[in-house]
Amino acid sequence: MLIVVKIGTKIVLNEDIIDRIVVEISKLVSEGNRVVVVSSGAIGLGRRKLGINDNLTLSKKQALSSVGQVELMKLYQNLFSKQGLNVAQILLTYSELTSRKSLLNLINTINELFKMNIIPVINENDAVAVEEIKFGNNDILASLVATTLQADKLVILTDVDGLFKDFGSPNQELVREIRDIREVTRYLKGKKFELSTGGMKSKLQAGFTCMKSGVECVIANGFNKDILNDAVNGITGTKFIPDSKGRSFKDRLLILARKKGSIIVDNGAVDAIRKKKSLLPVGVKEVKGKFSVGDPIFITDLNGNNIAIGITNYSSSEVSKIKGKRTYEIEEILGTTEFDEEVIHIDNMVIL
């Protein structure tokens, strides 16, 4: 089994807890599993190393991250070496997870590390990736890594037991399983008081990504003993269960890619897509965003639900001109005899 374990900052900064988590990871490896660690904590360890507690500018965060990365790897090397294991550091940015060549290199590198019984430790390259510090986080990174590797499970270790309904009220209730991806969307659109703490929104987004990609995701409390065994075996936490298993490499690239816009389609087009048919201009109702030929975009129904991701044969301006039109009208509207009948061909589409 291939397991991605995301470890939060509060766990990394607690010496007793991170020591126990490393022991639990080592036990999983001894049982024949392959484990990848996605770890937060670099900035926190940088703060601790330099004794800095004031508010941080972006450049200072980047500097502290570069200091903290050294401390983070020293921590993991020391702890895993006690278990007879070595670690390797891999720093990533979003662009490297959306490039076919970079993805293949990443997969090949990690597979080689597995052969050498080495634990890959992955983190965002915060020292150079401005956008990742401002908008990204390691929950999302972990879900993208799990998708890239087509892992069997992603376990997100945090400081709460999982996702709670009505968190903070007398009626709060732990959500044990989520099987319908639309339920995740409802939680994401809900009010803050309905969710537990611990950056739960990003963890929901990570679960959402995993469900789309055929990877099971579990949010669990890393401060509980034997948490990894319990999370992997479905005993604890909130579990996101995908309705499909496995995606092709091409599909995974589309899911990971940054979407440049969206096309809103009518109910007839939705039915056709779900029957694995291409998207024709006649089914398009509206265009959102600005995109070019070959860009990955969302296909959205009239209720705002993303039903598919696809590579468009037309730019946003061209789709705006031919939306709702029949195929035979495209030549006259665009003034060319060379055109595609489909706005998005089914072969270049991932149905969500």
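Here is what the cut-offs are and how they apply
- Residues numbered from 1 in each chain as written.
- Predicted model: local features only at pLDDT ≥ 70, side-chain atom pairs only at ≥ 80, totals over all residues.
- Heavy atoms only, no water.
- Helix = DSSP H or I, 4+ residues; strand = E, 2+ residues; numbered from the N terminus.
- Buried < 20%, exposed > 50% of the residue type's maximum accessible area, 1.4 Å probe, protein only.
- Contact = heavy atoms within 4.5 Å.
- Areas by Shrake-Rupley, 256 points an atom, 1.4 Å probe, with all protein chains shown as cover.
- Expected span 1.5 Å × (residues − 1).
- Arc of directions from axis to C-beta.
- Pairing = 2+ DSSP bridges.
- Axes fitted to C-alpha atoms, helices over the stretch in contact; angles between N-to-C directions.
- Phe/Tyr/Trp six-rings, centres within 6.5 Å; stacked < 30°, edge-to-face > 60°.
- Polar contact = N/O pair within 3.5 Å; in protein donor to acceptor, adjacent residues only side chain to side chain.
- Disulfide = S-S within 2.5 Å.

**What to know about the overall build of the protein chain**
- Assigned secondary structure in the protein chain consists of 14 helices and 15 strands.
- Looking at the protein chain as a whole, 51% of its 352 residues are labelled buried.
- Considering only intrachain contacts with a sequence separation of at least 6, the fraction spanning at least 24 residues in the protein chain is 73%.
- Total accessible area on the protein chain stands at roughly 16600 Å², and carbon and sulfur atoms take up 47% of it.

**As for helix α5 (residues 100-115)**
- Under the 1.5 Å per step criterion, the end-to-end length of α5 is 23 Å for 16 residues, consistent within 8% with the ideal 22 Å.
- Listed as buried for α5 are L103, L106, I107, I110, L113 and F114. Taken around the axis of α5, the buried residues stretch over an arc of 125°, which confines them to a single face. More than 90 degrees from the buried face of α5, the exposed residues found are K101 and K115.
- After α5 finishes, the residue N117 shows a positive phi value of roughly 60°.

**Considering the pairing of strand β14 (residues 306-311)**
- Taken together, the five bridges between strand β13 (residues 296-300) and β14 define a ladder with antiparallel strand orientation. Opposite F298, over in β14, you have I309 as the bridge partner.
- With antiparallel pairing between neighbouring strands as the criterion, β13 and β14 make up a hairpin whose turn holds five residues, including G304 at a positive phi of roughly 90°.

**What to know about the sheet that holds strand β3 (residues 86-92)**
- Strand order in the open sheet formed by eight strands is β3-β4-β2-β1-β5-β9-β10-β8, and the pairing between neighbours is mixed. On the outer flanks of this sheet lie β3 and β8 (177-178), each paired with one strand and no other.
- Pairing between β8 and strand β10 (residues 238-240): two bridges, direction parallel. Residue pairing across strands places E177 opposite K239, the latter belonging to β10.
- Packed onto the sheet, helix α4 (residues 58-81) meets β1 (2-7), β2 (34-39), β3 and β4 (118-124) and runs at close to 155° relative to β3.

**So, the packing of aromatic side chains**
- A full pass over the atoms with the stated rule returns one aromatic pair.
- Here the aromatic rings of Y76 and F80 are separated by 6.2 Å at their centres, their planes lie at 35°, and the arrangement is tilted. Here Y76 pairs with F80, and both are found in helix α4, just four residues apart, close to one helical turn. Across the pair, exposure class does not vary: Y76 and F80 are buried alike.

**Focus: helix α12 (residues 267-274)**
- For α12, the full list of buried residues reads A269, V270 and I273. For α12, the angular spread of buried residues about the axis comes to 105°, placing them on one side.
- Buried residues along α12 sit against β11 (261-265), β13, β14 and β15 (349-351).
- Where α12 begins, the side chain of D266 points an oxygen toward the backbone nitrogen of G268, at a separation of 3.2 Å.
- Looking one or two residues beyond α12, the residue adopting positive phi is K276, at roughly 65°.

**What to know about the side chain of S40**
- Tracing the sequence through the fold places S40 in the loop between β2 and α3 (42-50).
- Looking at S40, the relative accessible area reads 10%, which means it is buried.
- Within the local environment of S40, its side chain forms a polar contact with the side chain of N138, the two groups lying 2.9 Å apart.
- The contact partners of S40, leaving out residues within four places of it in the chain, are K6, I7, G8, T9, V12, L72 and N138.

**Focus on the environment of K277**
- Along the polypeptide, K277 turns up in the loop between α12 and β12 (284-289).
- Separated by 67 residues in sequence, K277 and I344 place their C-alpha atoms 9.6 Å apart.
- Aside from chain neighbours lying at most four places away, what touches K277 is A272, I346 and M349.

**Observations regarding the sheet that holds β13**
- Across the sheet, five strands lie side by side as β12-β11-β13-β14-β15; this open sheet has mixed pairing. Edge positions in the sheet fall to β12 and β15, since each has one partner strand and no second. Taking each pair of neighbouring strands and ignoring which way they run, the sheet shows an average axis angle of 25°.
- Both β14 and β15 contribute to a ladder of three bridges, which runs antiparallel. Its bridge partner lying in β15, I309 is registered against V350.
- Where α12 meets the sheet, it contacts β11, β13, β14 and β15, and its direction lies at approximately 70° from that of β14.

**Structural notes on the state of the cysteines**
- Considering all chains together, one arrives at zero disulfides under this definition.
- The thiol of C217 is unpaired, and the distance to the nearest cysteine sulfur, on C210, comes to 4.6 Å.
- Take C217: its relative accessible area is 0%, and that puts it in the buried class.

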